[in-house]
Amino acid sequence: EVQLVESGGGLVQPGGYLRLSCAASGFTFSGYAMSWYRQAPGKERDRVAQISRAGGVTNYADSVKHRFTISRDNTKNTVYLQMNSLKPEDTAVYYCGAWVEGYDYWGQGTQVTVSS
């Protein structure tokens, strides 16, 4: 079965940085685009970044553009989210997602807290 496991979250100060990882299994990873989403307290889940199958095309939400970078390593079945210049408003649970064989899949999420 499809499994997505996020890791790398934690507590950081404003202006700090963090790198999230998502380990995928149960499908041919290199055959699918991958995304990162986040959900802040009291808000809906929003997509923050997306990457094509080979990693050549990326898309970002305006709120994270120029600060976050999505990448993938198809030899390790892993997608990453490098987050720089973090702001308090980046505080959220971060999820990786995949659309595989007509279904949406999500990991358990990893908490990112940006605070002084």
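Scroll up a little and you will see the structure.
Here goes a summary of the coordinates provided. (Residues numbered from 1 in each chain as written. Predicted model: local features only at pLDDT ≥ 70, side-chain atom pairs only at ≥ 80, totals over all residues. Heavy atoms only, no water.)

**Some thoughts on the packing of aromatic side chains**
One pair of aromatic rings is described through two measures. These are the centre distance and the angle between the planes. Counted under the stated rule, the structure contains three aromatic pairs. Measuring from centroid to centroid gives 6.3 Å for F27 and F29, while their planes differ by 50 degrees, and the two rings are tilted. Residue class for F27 comes out buried when judged on its relative accessible area of 12%. Relative to Y32, the ring of F27 has its centre 5.7 Å away and its plane inclined at 75 degrees; by these criteria the two rings are edge-to-face. Taken together, the ring pairs connect F27, F29 and Y32 into an aromatic cluster. If you follow R19 out to its NZ or CZ, it ends over the ring of Y80, 4.0 Å from the centre. We note R72 situated over the ring of F29; from NZ or CZ to the ring centre the distance is 4.3 Å. (Phe/Tyr/Trp six-rings, centres within 6.5 Å; stacked < 30°, edge-to-face > 60°. Buried < 20%, exposed > 50% of the residue type's maximum accessible area, 1.4 Å probe, protein only. Lys NZ or Arg CZ within 6 Å of the ring centre and 35° of its normal.)

Geometry only, nothing functional implied.
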